Amino acid sequence: MQGLAPPPVAVPRTLPEALAALSAAGDGAAPLAGGTWIMRAPIRHEAHAPAYVALGRIAELRRIDVADDEVAIGAAVTHAELAKALSPFSDLAALAAAAAGSANPAVRNAATIGGNLCARGFPAADLVPALLCLDAVVEIAEAAAPAGSRRLPVEAFLADPAATGGGRIVTRIVLKRSGLRSVHVRLPLRKAGDYPVAIVSAAIGVGGGGRVESARIAVGSVEAAPRRWTGLEGAINGERLDPARIAALAASLAPEFSGRDGVEAPGWYRVRVLPTLVGRAIAALAAAA
Amino acid sequence: MMQVTLLVNGEERRLSAEPLTPLLDVLRDTLHLTGAKPVCREGFCGACMVLLDGAPAVACLTPVALADGRSVETVEGLGTAETPSPVQRALEEHEAVQCGMCFPGMVVTLTHLTRPGNCAPTRDAVKAGLVGNLCRCTGYERIVDAALAVMEDGR
């Protein structure tokens, strides 16, 4: 905004230093990760925060810890690093594909998982629906509480505007190793490089009879914010992984979405393509079976 | 203002800048390296591509504070008219050079892609690597030919 001083940026080396710097910088100060969203604030006619604290030099936020039962991803891990690290894990395929296919290579080298989660107002975030379908848990640190003491399921994190800000820093995103297969399907209008018109991420468990036993399905880019599609999750319970049948169920339930108009596509189009994307997601899961 | 040290094309440069200044503006306005172009300024077009510690970065969305202490390679550092780099030579030989809007960024991205281990020597992989470099002349095919020729020579 005109007349305001350009925001200072602190570049701490440890999480305690970052939390202290954020508290010291006062109300409204915000973490800065890769910068690909925050640097475009002026284009969105949004004011910058009065001060930023950069997270990219904090080693513990750049780690990915893989254990048998969970994978913990540092908030400052980039999309490119994430895609590479997760490629061996089929249960986390939705997140690996989201990270590998979003934006373009140079943006993937900068943009982080924490930044993608905290970029409120970004409807086409790729990682967020993937994290929704994988039932991720978000760890948050603040000066008064040790790192990891505050944990929120990703849905609760997204629903709570106070989950970020106020001196808080998202430190890790933790994924349980469910053993379910997962998939991330997106529709950009070009083959790649632009924002997807619609995104479907799904993690589906299939029982011995080949019927769906559990399903978590998330939709991105269609409405202003990504969300679970619980209506469809319930409807496909007990169904076989038949893409045409499940796409037809999706078509019958799609009117619950009210699509957002945007430069890439009008709202009705985003809703219209959803059943097709659901069908593609189911086909991919069936093929991997 | 913030004191920043950049290793630009192998040369240490010290300067002071507002920390959120795009690296692109520091390169062009302070260091007078105008090869990186300000075109979309949204990270879509790739005309401002530089290599940050060897990896492609859109200089328009890179706050200079995050480049402090790091290596920055710009198109100016890649070769000269007398001694072009392998990528520049291949682009000339394949008559792939087009208008100057996207091309400096193309050269920077291709320099990264043709370094060992960064890209499989296939058309699809090169195209995937060029997703963030938009050419409005639409002449990608010869650019891909040139990149593949450099990769073949390098093996």
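Remember, predicted model here, so these are calculated numbers, not experimental data. (Residues numbered from 1 in each chain as written. Chains lettered and ligands numbered in written order. Predicted model: local features only at pLDDT ≥ 70, side-chain atom pairs only at ≥ 80, totals over all residues.)

Lay out the overall build of chain A with the relevant residues and their values.
Across its full length, chain A carries 10 helices and 12 strands. Here chain A has a C-alpha radius of gyration of 19 Å; the compact-globule value for 289 residues is 19 Å, and the two agree. Across the 289 residues that make up chain A, the buried fraction comes to 48%. Considering only contacts within chain A whose residues lie at least 6 apart along the sequence, 64% involve residues at least 24 apart. (Helix = DSSP H or I, 4+ residues; strand = E, 2+ residues; numbered from the N terminus. Rg over C-alpha atoms; globule rule 2.2 N^0.38 Å. Buried ≥ 20, exposed ≤ 12 C-beta atoms within 10 Å, placed from the backbone. Contact = placed C-beta atoms within 7 Å.)

Could you give an account of the sheet that holds strand β4 (residues 55-58) of chain B, naming the residues involved and the relevant values?
All names here are of chain B. One open sheet accounts for five strands, arranged β2-β1-β5-β3-β4; its pairing is mixed. Edge positions in the sheet fall to β2 (11-17) and β4, since each has one partner strand and no second. Direction aside, the axes of adjacent strands within the sheet are offset by 40 degrees on average. Of the pairings in the sheet, the one linking strand β1 (residues 2-8) to β2 comprises seven bridges and is antiparallel in character. Across the sheet, the residue bridging to V8 is E11, located in β2. The strands touched by helix α4 (residues 103-113) are β3 (49-52) and β4; relative to β3, the strand with the most contacts, the crossing angle is about 35 degrees. (Pairing = 2+ DSSP bridges. Axes fitted to C-alpha atoms, helices over the stretch in contact; angles between N-to-C directions.)

Explain the interface of chain A and chain B to me, using residue names and the numbers behind them.
Counting residues at the interface gives 21 residues for chain A and 21 residues for chain B. With five residues, the single largest contributor to the side of chain A that touches chain B is helix α4 (residues 105-110) of chain A. Per-class residue counts for the side of chain A that touches chain B are 13 nonpolar, seven polar and one charged. (Nonpolar A, V, L, I, M, F, W, Y, C, P; charged D, E, K, R; others polar.)

How would you sum up the domain arrangement of chain B? Please name residues and give values.
All names here are of chain B. One can read the domain layout of chain B as domain 1 (2-77) and domain 2 (86-154). Listed per partner, the contact involves 15 residues of domain 1 and 11 residues of domain 2. For the side of domain 1 that touches domain 2, the secondary-structure elements that each account for two or more residues are β3 and β4. Of the residues contributing to the side of domain 1 that touches domain 2, the split by class is 12 nonpolar, two polar and one charged. (Domains from an automatic or database assignment.)

Got a sec to walk through the domain arrangement of chain A? Specific residues and values, please.
Residue and element names in this part refer to chain A. Taken domain by domain, chain A consists of domain 1 (9-54), domain 2 (64-176) and domain 3 (181-288). Relative placement of domain 2 and domain 3: their C-alpha centres are 21 Å apart. With 22 residues of domain 2 at the contact, the number on the domain 3 side is 25 residues. Mapped by element, the contributors of at least two residues to the side of domain 2 that touches domain 3 are α3 (93-101), α6 (127-133) and α7 (154-159). In terms of residue class, the side of domain 2 that touches domain 3 is made up of 15 nonpolar, three polar and four charged.

Could you give me a rundown of the confidence of the model for chain B, with the residues and numbers involved?
This prediction gives chain B a mean pLDDT of 96; 99% of its residues lie at or above 70. Taken together, the chains of this predicted complex give a pTM of 0.96 and an interface ipTM of 0.96. (pLDDT = per-residue confidence, 0-100.)

Help me get a handle on the pairing of strand β10 (residues 198-206) of chain A, residues and values and all.
Residue and element names in this part refer to chain A. Among the nine residues in β10, seven count as buried, and that is most of the element. Note: β10 against strand β11 (residues 212-220), eight bridges, orientation antiparallel. Each bridged residue has a counterpart across the sheet, and for A202 the counterpart in β11 is I217. Count of turn residues in the β10/β11 antiparallel hairpin: five residues, of which G210 carries a positive phi of about 75 degrees.

Outline the pairing of strand β8 (residues 169-176) of chain A, supporting the account with residue identities and numerical values.
All names here are of chain A. Counted residue by residue, β8 has six buried out of eight residues, so it is predominantly covered. Strand direction decides the pairing type here: strand β5 (residues 70-74) and β8, joined by five bridges, are antiparallel. In the sheet register, E70 faces β8, and the bridge partner there is K176. In terms of strand pairing, strand β6 (residues 137-142) meets β8 through five bridges, oriented antiparallel. When the sheet's bridge partners are listed, I140 is paired in β8 with V170.

Give a description of the packing of helix α2 (residues 79-86) of chain A against α3 of chain A that names residues and reports values.
All names here are of chain A. Running from N to C, α2 and α3 cross one another at 140 degrees; their axes reach a closest spacing of 8 Å. As the angle between them shows, α2 and α3 are arranged oblique. The hand of the α2/α3 crossing is left-handed. Residue-level contacts link H79, L82, A83 and L86 of α2 to L95, A96, A99 and A100 of α3. (Parallel < 35°, antiparallel > 145°, perpendicular 65-115°, else oblique. Left-handed = near helix turned anticlockwise from the far one by under 90°.)

Lay out the nonpolar core with the relevant residues and their values.
A94, L95 and V200 of chain A are the most contacted members of the largest nonpolar core, which totals 152 residues. If near-sequence neighbours (up to four positions away) are discounted, L95 of chain A is found in contact with L86, L127, A130, L131 and L134 of chain A. (Core = buried A, V, L, I, M, F, W, Y, C linked by C-beta atoms within 7 Å.)

An account of helix α3 (residues 86-93) of chain B is needed here, citing residue identities and associated values.
Residues and elements named next belong to chain B. Taken together, the buried positions of α3 are V87, Q88, A90 and L91. Down the axis of α3, the sector holding all buried residues measures 165 degrees, keeping them to one side. For α3, exposure combined with an orientation more than 90 degrees from the buried face picks out E92 and E93. Those residues of α3 that are buried lie in contact with α4 and α6 (140-154). (Arc of directions from axis to C-beta.)

Requested: an account of unusual backbone geometry, with residues and values cited.
Positive phi, normally seen in glycine, also occurs at H45 of chain A, with a value near 60 degrees. Phi at H32 of chain B takes a positive value of approximately 55 degrees, unusual for a residue other than glycine. Within the secondary structure layout, H32 of chain B lies in the loop between α1 (23-30) and β3. Residue H32 of chain B is classed as exposed on the basis of its 8 C-beta neighbours within 10 Å.

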